[in-house]
Amino acid sequence: MKKFFLFFAALVAFSVSAGVATAQQQSEKEPHIQGFITNKFWDNWEIQGGVGPTFTVKTGSGIADANHWAGYAAVAKWIHPIFGLRFTMEGGKFDYLSAAANSNVNTAFIFAHPDLMLNVSNWIGGYKEQRVYNAILLGGAGIAATSLHPDHKSTRTLEYAFNFGLQNRFNVCKSLSVDLTMNYMLARANLYPVPKIKSSRFNALNFYVGVTYRFNKRNFERSGMTEAEAKAALARLEAAEADAAAAKAENERLAKLSAEQAQALEAAALQAAQRDAALAAAEAKLANMDAQAASAKEAIDSANYEEILFYLYGYGVLNENNKTRLDLLAEHIKNSDSDKVFKIEGFADPQTGSKKANARLAEKRARLVYEYLVSKGVEASKLDWKSPGTENLPFNKKEQNRVVVIF
């Protein structure tokens with residue numbers, strides 16, 4: 001008998017430790033007793049049932065000799081995540097040794113009793129709908145009846161009896177769970193149909209494997225706030241007020257910054273208008289200068305030219321001196337912001353050679369300059385080349401007209 005009580009105590013200790021571990025794992029404390037809406041009558045009902053061995057102790061028999069099978073069926077209702085009520089019917093057979101009968105007595109029994117259910121896991125760890133394991137303490141009292149096996153003298157007895165135990169519930173889903181229940185039954189020894197046993201009490205220890213089916217509403221709703229939740233809500237409200245004050249200060253800062261930026265934009269717009277006016281004047285002046293330089297001769301006469309390249313008699317290739325000057329001009333054109341198109345005109349000396357040969361030579365001189373500038377990265381759209389040949393000569397002396405003018 002001591003071994004079974006030690007086992008029962010160990011099972012209770014396991015259930016309590018499991019509930020404590022669950023509570024320690026929660027990041028935010030769940031509500032325990034307070035803070036739940038009282039459910040309706042048809043909410044949170046259960047049907048339970050199970051079977052298992054039963055042991056009659058303190059009868060003079062060894063525990064292995066005083067055993068038989070029993071079963072139970074129950075209807076239960078949870079009125080709170082921690083507290084519930086159930087009505088249970090247990091029945092089966094007891095087998096014990098009686099000195100009066102001088103043999104083992106096989107006794108049928110039935111025990112009807114209401115119980116109070118106490119969910120230790122929800123009490124210690126807080127209500128958690130998705131919890132897999134629940135430890136439930138059971139306790140109640142009712143009426144038990146026994147009768148002898150037909151082989152013995154028929155005797156029926158009724159006695160008040162007490163019941164307490166532990167149900168280990170493993171939830172399979174929202175509606176179904178598997179239960180391992182240890183149940184202790186206590187009554188006066190008069191419950192034995194054949195007395196004269198070693199104990200003055202009727203002692204029975206039952207172990208059941210069963211199932212529980214839950215129907216209708218299966219969970220609980222919270223109402224109001226717990227003290228911890230109220231403190232947390234107050235802390236959130238204070239944080240929100242602080243955020244609002246910070247946001248107001250930030251809005252004022254941004255409004256001031258916006259006004260300063262508006263003033264800066266007005267000043268920038270004024271400067272831009274002044275710059276545009278200056279740019280328009282410069283473009284007008286440049287257009288006037290371009291209009292004045294309609295030809296190479298006019299460009300030279302007005303000193304509105306960019307470069308003049310002179311050639312020896314009969315030469316049409318660029319020497320190193322001319323390439324150096326064109327390199328500088330290429331950089332100047334590439335860095336220029338204006339849309340000006342630079343004109344390239346090539347000439348030849350009309351007093352030597354034929355007119356046709358001079359035209360080819362003048363064209364070659366202008367084309368080579370154009371190609372060289374393009375090879376140095378100047379956009380072709382900024383260059384316009386042609387060859388007047390021996391017409392509209394820029395200079396009066398014949399040897400000076402062996403030239404390319406860029407303007």
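Residues numbered from 1 in each chain as written. Predicted model: local features only at pLDDT ≥ 70, side-chain atom pairs only at ≥ 80, totals over all residues. Heavy atoms only, no water.

Enquirer: Kindly report on the overall build of the protein chain, identifying the contributing residues and their values.
Expert: Scanning the protein chain from N- to C-terminus turns up six helices and 12 strands. The proportion of buried residues among the 407 residues of the protein chain is 39%. Contacts in the protein chain between residues at least 24 apart in sequence constitute 69% of all its contacts with a sequence separation of at least 6. When the accessible surface of the protein chain is summed, it comes to about 23,000 Å², and 59% of that surface belongs to carbon and sulfur atoms. (Helix = DSSP H or I, 4+ residues; strand = E, 2+ residues; numbered from the N terminus. Buried < 20%, exposed > 50% of the residue type's maximum accessible area, 1.4 Å probe, protein only. Contact = heavy atoms within 4.5 Å. Areas by Shrake-Rupley, 256 points an atom, 1.4 Å probe, with all protein chains shown as cover.)

Enquirer: Tell me about the pairing of strand S1 (residues 45-57), residues and numbers included.
Expert: With 11 bridges joining them, S1 and strand S2 (residues 67-78) adopt antiparallel strand pairing. If you follow Val 51 over to S2, its bridge partner there is Gly 71. Examined bridge by bridge, S1 and strand S8 (residues 201-215) share 11 bridges and lie antiparallel to one another. In the sheet register, Phe 55 faces S8, and the bridge partner there is Leu 205. (Pairing = 2+ DSSP bridges.)

Enquirer: Could you give an account of a nonpolar patch on the surface, naming the residues involved and the relevant values?
Expert: A surface patch of nonpolar side chains, about 810 Å² in accessible area, is lined by Ile 47, Val 75, Phe 170, Val 172, Leu 176, Val 178, Leu 180, Val 209, Val 211 and Tyr 213. Looking at the nonpolar patch, the elements with two or more residues in it are strand S7 (176-188) and S8. Among the structural elements, Val 172 can be located in the loop between strand S6 (156-171) and S7. The exposure class of Val 172 is exposed, given its relative accessible area of 56%. (Patch = residues over 30% accessible without salt bridge, like charges linked within 9 Å, V, L, I, M, F, W, Y side chains within 5 Å. Salt bridge = Lys/Arg side-chain N within 4 Å of Asp/Glu carboxyl O.)

Enquirer: Could you give me a rundown of the packing of helix H5 (residues 320-334) against helix H6 (residues 355-375), with the residues and numbers involved?
Expert: Interhelical geometry of H5 versus H6 gives an angle of 55° and a closest axis separation of 10 Å. Considered as vectors, H5 and H6 are oriented oblique to each other. In terms of crossing hand, the pair formed by H5 and H6 is right-handed. Across the interface between the two elements, Lys 323, Leu 326, Asp 327, Leu 329 and Ala 330 of H5 pack against Val 369, Tyr 372 and Leu 373 of H6. Here the contact of H5 with H6 is composed, by residue class, of six nonpolar, no polar and two charged. (Axes fitted to C-alpha atoms, helices over the stretch in contact; angles between N-to-C directions. Parallel < 35°, antiparallel > 145°, perpendicular 65-115°, else oblique. Left-handed = near helix turned anticlockwise from the far one by under 90°. Nonpolar A, V, L, I, M, F, W, Y, C, P; charged D, E, K, R; others polar.)

Enquirer: Go over the nonpolar core with me, naming the residues and quoting the values.
Expert: Membership of the largest hydrophobic core comes to 18 residues, with the highest contact counts inside it found for Leu 326, Ile 344, Val 369, Leu 373 and Leu 383. Counting only elements with at least two residues in this core, the list comes to H5, strand S10 (342-347), H6 and strand S12 (403-406). Take this core: its biggest share by element is five residues, from H6. Those residues in contact with Leu 326 that lie beyond four places of it in its chain are Leu 309, Leu 318, Val 369, Tyr 372, Leu 373 and Ile 406. (Core = buried A, V, L, I, M, F, W, Y, C linked by side-chain atoms within 4.5 Å.)

Enquirer: Can you lay out unusual backbone geometry for me, pointing to particular residues and giving the numbers?
Expert: Even without being glycine, Asn 44 reaches a positive phi, approximately 60°. If you trace the backbone, Asn 44 turns up in the loop between helix H1 (2-25) and S1.

Enquirer: So what's going on with the side chain of Thr 157? Which residues, and what values?
Expert: Within the secondary structure, Thr 157 is located in strand S6. Residue Thr 157 is classed as buried on the basis of its relative accessible area of 16%. Engagement of the side chain of Thr 157 in a polar contact is seen with the side chain of Thr 146, the distance being 2.7 Å. Looking at Thr 157, its side chain comes within polar contact range of the main-chain oxygen of Leu 191, at 3.1 Å. Apart from residues lying up to four places away in sequence, Thr 157 is in contact with Ala 144, Ala 145, Thr 146, Asn 190, Leu 191 and Pro 193. (Polar contact = N/O pair within 3.5 Å; in protein donor to acceptor, adjacent residues only side chain to side chain.)

Enquirer: Any chance you could break down the packing of aromatic side chains for me, citing the residues and the numbers?
Expert: For the structure shown, the criterion picks out 13 aromatic pairs. Between Phe 41 and Trp 45, the ring centres sit 5.6 Å apart and the planes meet at 65°, which makes this aromatic pair edge-to-face. In this structure Trp 45 comes out as buried when scored by relative accessible area, which is 15%. The interplanar angle of 75° and the centroid separation of 6.1 Å between the aromatic rings of Phe 55 and Phe 207 together place this pair among those described as edge-to-face. Taken as a pair, Phe 55 in strand S1 and Phe 207 in strand S8 lie far apart in primary sequence, 152 residues in all. (Phe/Tyr/Trp six-rings, centres within 6.5 Å; stacked < 30°, edge-to-face > 60°.)

Enquirer: Give a detailed account of the pattern of salt bridges, specifying residues and quantitative values.
Expert: Going through the model one piece at a time under the given rule, you end up with 11 salt bridges. Here Glu 46 ties to Arg 169 by a salt bridge, and the two come within 2.7 Å at their closest N and O atoms. Within this pair, whereas Glu 46 is found in strand S1, its partner Arg 169 is found in strand S6, the two being separated by 123 residues in sequence. Salt-bridge contacts for Arg 188 lead to Glu 159; the nearest nitrogen and oxygen are separated by 2.8 Å. On the criterion of sequence distance, the pair formed by Arg 188 in strand S7 and Glu 159 in strand S6 is long-range, its members being 29 residues apart. Residue classification places Glu 159 among the buried residues on the basis of a relative accessible area of 10%. Members of the salt-bridge network, linked through shared partners, are Glu 46, Arg 169 and Asp 179.

Enquirer: Before we move on, could you go through the environment of Thr 390 and cite the residues and values that matter?
Expert: With respect to the helices, strands and loops of the structure, Thr 390 is situated in the loop between strand S11 (383-389) and S12. The spatial distance from the C-alpha of Thr 390 to the C-alpha of Ala 348 is 5.7 Å, given a sequence separation of 42 residues. In this structure Thr 390 touches Ala 348, Asp 349, Pro 350, Lys 355 and Asn 358, once residues within four positions along its chain are discounted.

Enquirer: Give me H5: which residues, what numbers.
Expert: The end-to-end C-alpha separation of H5 is 21 Å, in line with the 21 Å expected for 15 residues at 1.5 Å each. For H5, the elements touching its buried residues are strand S9 (307-310), S10, H6, S11 and S12. Measuring from the backbone nitrogen of Asn 321 back to the side-chain oxygen at the start of H5 gives 3.2 Å, which picks out Asn 319 as the cap. (Expected span 1.5 Å × (residues − 1).)

Enquirer: Explain the environment of Tyr 72 residue by residue, including any values.
Expert: One can find Tyr 72 in strand S2. Sequence separation of Tyr 72 and Gly 50 is 22 residues, and the distance between their C-alpha atoms is 5.5 Å. Apart from residues no more than four positions distant in its own chain, Tyr 72 is found in contact with Gln 48, Gly 49, Gly 50, Arg 86, Thr 88, Met 89, Glu 90, Gln 167, Asp 179, Thr 181, Tyr 208 and Gly 210.

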